[in-house]
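Listed below are the residues making up each chain.
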Amino acid sequence: REASQIKKSPGEDQLNWTDISDQWEWEEDEEEDWSENEEQEITVITNKEEALEAANQYDYGIMQKISDELKDDKEVVMAAFESTGSDIFKHASQNLRADTVFIKSLMEIDPNVLIYASEKIRDDKDLVMTSLKQGGEYVFEYMSDELKADKEVVLAALELFKIGSWTFSGVSDE
């Protein structure tokens, strides 16, 4: 640790810096004991009705609190999605993240949900175009390089941003 004292004597133009580190009485850092708080056990919700109730309470941590079985339940995931937004979808089951029909229903609420979908879904040109046309401004970043090179997709993205000079990383010069 270092400490300095700055003085300007009367009649002098310059500041004088003095190292006073040795003179300073430093308080020793007390290490906090995190052992009690390290891993608080979270009660996993396994009851669908309880999960739906929590989802409707705008509980942003709902997806971490529910069982894997409920993360695969369309009704529970839809309720959580409607109350808290598309970010929760990254915690949904792989099965739901690859379900085209379910994702289309979520895209009606938030077209950016596509960024949390499976890679196969994110590379579906029709879904990407739909998302971009509905205002999915973050989708372009998460799609495949092949779609980033697709002229129709790039033009749809440019239309969304309404900026003629916008540059996208990974976009073909063609």
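Predicted model only: the values in this text are computed from it and were never measured.

### Here's the deal with the overall build of the protein chain
Helices and strands together make up the secondary structure of the protein chain, namely ten helices and two strands. The secondary structure elements of the protein chain, listed N-terminal to C-terminal, are β-β-α-α-α-α-α-α-α-α-α-α. Relative to its full complement of 174 residues, the protein chain shows a buried share of 37%. Of the contacts made within the protein chain by residues no fewer than 6 positions apart, 37% connect residues no fewer than 24 positions apart.

### Looking at helix H10 (residues 151-161)
Where H10 is concerned, the buried positions are Val153, Val154, Ala156 and Ala157. Buried residues of H10, seen end-on, are gathered within an arc of 160° and therefore sit on one face of the element. Of the residues in H10, the exposed ones pointing more than 90 degrees away from the buried face are Lys151 and Glu159. Buried positions along H10 lie against helix H7 (125-133), helix H8 (139-142) and helix H9 (145-148).

### Some points on helix H5 (residues 100-107)
Residues of H5 that are buried: Phe102, Ile103, Leu106 and Met107. The arc enclosing the buried residues of H5, seen along the axis, measures out at 140°, which places them on a common side. Taken together, the buried residues of H5 touch helix H3 (74-84), helix H4 (94-97), helix H6 (119-122) and H7. Regarding H5, its N-cap is Asp99, as a side-chain oxygen of that residue lies 3.1 Å from the backbone nitrogen of Val101 further along.

### What to know about the environment of Ser144
Secondary-structure assignment places Ser144 in the loop between H8 and H9. A sequence separation of 19 residues divides Ser144 from Lys125, and the C-alpha atoms of the two residues are 9.8 Å apart.

### A short note on the pattern of salt bridges
Going through the model one piece at a time under the given rule, you end up with six salt bridges. Residues Lys48 and Glu75 are paired through a salt bridge, measuring 2.9 Å at the closest nitrogen-oxygen approach. Of this pair, Lys48 sits in helix H1 (residues 48-55) while Glu75 sits in helix H3; the two residues are 27 residues apart in sequence, bridging distant segments of the chain. Residue Lys48 is classed as partly exposed on the basis of its relative accessible area, which comes to 29%. Across the salt bridge formed by Asp150 and Lys125, the nearest N and O atoms sit 3.0 Å from each other. Of the two residues, Asp150 sits in the loop between H9 and H10 while Lys125 sits in helix H7, which places them 25 residues apart along the sequence. Several salt bridges converge on common partners, so that one network encompasses Lys48, Asp73 and Glu75.

### Focus on the confidence of the model for the protein chain
Overall, the prediction assigns the protein chain a mean pLDDT of 81, with 72% of residues at 70 or greater. Across residues 163-170, where pLDDT falls below 50, the model places nine contacts with residues more than four positions away in sequence or in other chains.

### Some words on the packing of aromatic side chains
One pass over the full model with this rule turns up one aromatic pair. Here Phe89 and Phe102 contribute two aromatic rings whose centre-to-centre distance is 6.3 Å and whose plane-to-plane angle is 45°, an arrangement assigned as tilted. Here Phe89, found in the loop between H3 and H4, pairs with Phe102, found in helix H5; they are 13 residues apart in sequence, far enough to count as distant. A residue is classified by how much of its surface remains accessible, and Phe89, at 0% relative accessible area, is buried. Among the residues examined, Phe102 registers a relative accessible area of 5% and is labelled buried.

### Notes on the packing of H1 against H3
It is at 8 Å that the axes of H1 and H3 come closest, and there the two elements cross at 10°. The angle between H1 and H3 falls in the class roughly parallel. Considering the relative orientation of H1 and H3, their crossing is left-handed. Contacts from Lys48, Ala51, Leu52 and Ala55 in H1 reach Glu75, Val76, Ala79, Ala80 and Ser83 in H3. Among the residues making up the contact of H1 with H3, the classes are represented as six nonpolar, one polar and two charged.

The rules behind these values
- Residues numbered from 1 in each chain as written.
- Predicted model: local features only at pLDDT ≥ 70, side-chain atom pairs only at ≥ 80, totals over all residues.
- Heavy atoms only, no water.
- Helix = DSSP H or I, 4+ residues; strand = E, 2+ residues; numbered from the N terminus.
- Buried < 20%, exposed > 50% of the residue type's maximum accessible area, 1.4 Å probe, protein only.
- Contact = heavy atoms within 4.5 Å.
- Arc of directions from axis to C-beta.
- Polar contact = N/O pair within 3.5 Å; in protein donor to acceptor, adjacent residues only side chain to side chain.
- Salt bridge = Lys/Arg side-chain N within 4 Å of Asp/Glu carboxyl O.
- pLDDT = per-residue confidence, 0-100.
- Phe/Tyr/Trp six-rings, centres within 6.5 Å; stacked < 30°, edge-to-face > 60°.
- Axes fitted to C-alpha atoms, helices over the stretch in contact; angles between N-to-C directions.
- Parallel < 35°, antiparallel > 145°, perpendicular 65-115°, else oblique.
- Left-handed = near helix turned anticlockwise from the far one by under 90°.
- Nonpolar A, V, L, I, M, F, W, Y, C, P; charged D, E, K, R; others polar.

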